[in-house]
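Commentary on secondary and tertiary structure
So you can see what is in the structure, the chains are spelled out below.
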Amino acid sequence: MFIIFFGGFFPVFGRFFMKKLLLVVDYQTDFVNGALGFPGAEKLDSLIAKKIAQYRSKRGDVAFTMDTHQTNYLDTQEGRKLPIPHCIQDTAGWTLYGETGRAAAAGDVSIRKSSFPSLELGNWLEEKEYDQIELVGLVSYMCVLSNAIIAKAALPEAEILIDAACTAGPDQTLHEKCLDLMESLQMTVINR
């Protein structure tokens, strides 16, 4: 198949442009410097905000997941296993952090989730035709990992990309093991 473009012929092999999504996972105040914050998490802020701007300049899509709990958090299974209230809906700790929060736009998809992975995210992705989904945010070995797996299940032919410079966790050993695990699951880890 050929297409005529400004008087010339060019072969068409699939789409002309890759359809890309940047998925910012749980980069919320409570994970940066709030109830579950840890040293180094704040250093990701300018990097993630810059990446959001890059995606927007290239007409890529940006979406966010938001860890979202209610005031009964301590009565939930997660609350019993991790008895530290965090990301309670509509509190300061629930909001997106810093420059990243200011980079969010009104039209961005924001998925609230009460657990590490989000089935809603998977269902939403199944309706899309992304060629690449890049994940950044927190915590690498919990919510980033579980939502990367959800993305891979929803769009098995899409490249799942994780920017190691834009994700972290309080346990550096688990963080490194997680990056290894994501690579073993045929995800692409960059900036390691």
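Up top is the structure these notes are about.
In this report, we go over the structure that sits alongside the text. Since this is a predicted model, take the numbers as computed values, not measurements.

**What to know about the pairing of strand β7 (residues 159-168)**
Counting buried positions over the 10 residues of β7 gives eight, a clear majority of the element. Of the pairings in the sheet, the one linking strand β6 (residues 132-138) to β7 comprises six bridges and is parallel in character. Among the inter-strand pairings, Ile133 is bridged to a residue of β7, identified as Ile160. In this view, the connection linking β6 to its parallel neighbour β7 by way of helix α6 (residues 140-154) has right-handed handedness. A crossover connection joins β7 to the parallel strand β8 (residues 188-190) through helix α7 (residues 172-184); in handedness this β-α-β unit is right-handed.

**Some remarks on the side chain of Asp26**
With respect to the secondary-structure elements, Asp26 resides in the loop between β3 (20-25) and α1 (29-32). For Asp26, the side chain forms a polar contact with the side chain of Thr65, separated by 2.7 Å. If we ignore the near neighbours within four places in the chain, the residues touching Asp26 are Phe31, Thr65, Met66, Asp67, Lys113, Leu138 and Cys143.

**Overview of a nonpolar patch on the surface**
Among the surface-exposed residues, Ile149, Leu181 and Leu185 lie close enough to one another that they form a single nonpolar patch of about 220 Å² accessible area. With respect to the element layout, Ile149 can be found in helix α6. Judged by relative accessible area, which is 39%, Ile149 ranks as partly exposed.

What counts, and where the lines are drawn
Residues numbered from 1 in each chain as written. Predicted model: local features only at pLDDT ≥ 70, side-chain atom pairs only at ≥ 80, totals over all residues. Heavy atoms only, no water. Buried < 20%, exposed > 50% of the residue type's maximum accessible area, 1.4 Å probe, protein only. Helix = DSSP H or I, 4+ residues; strand = E, 2+ residues; numbered from the N terminus. Pairing = 2+ DSSP bridges. Right-handed = clockwise from strand over helix to strand, strands pointing away. Polar contact = N/O pair within 3.5 Å; in protein donor to acceptor, adjacent residues only side chain to side chain. Contact = heavy atoms within 4.5 Å. Patch = residues over 30% accessible without salt bridge, like charges linked within 9 Å, V, L, I, M, F, W, Y side chains within 5 Å. Areas by Shrake-Rupley, 256 points an atom, 1.4 Å probe, with all protein chains shown as cover. Salt bridge = Lys/Arg side-chain N within 4 Å of Asp/Glu carboxyl O.

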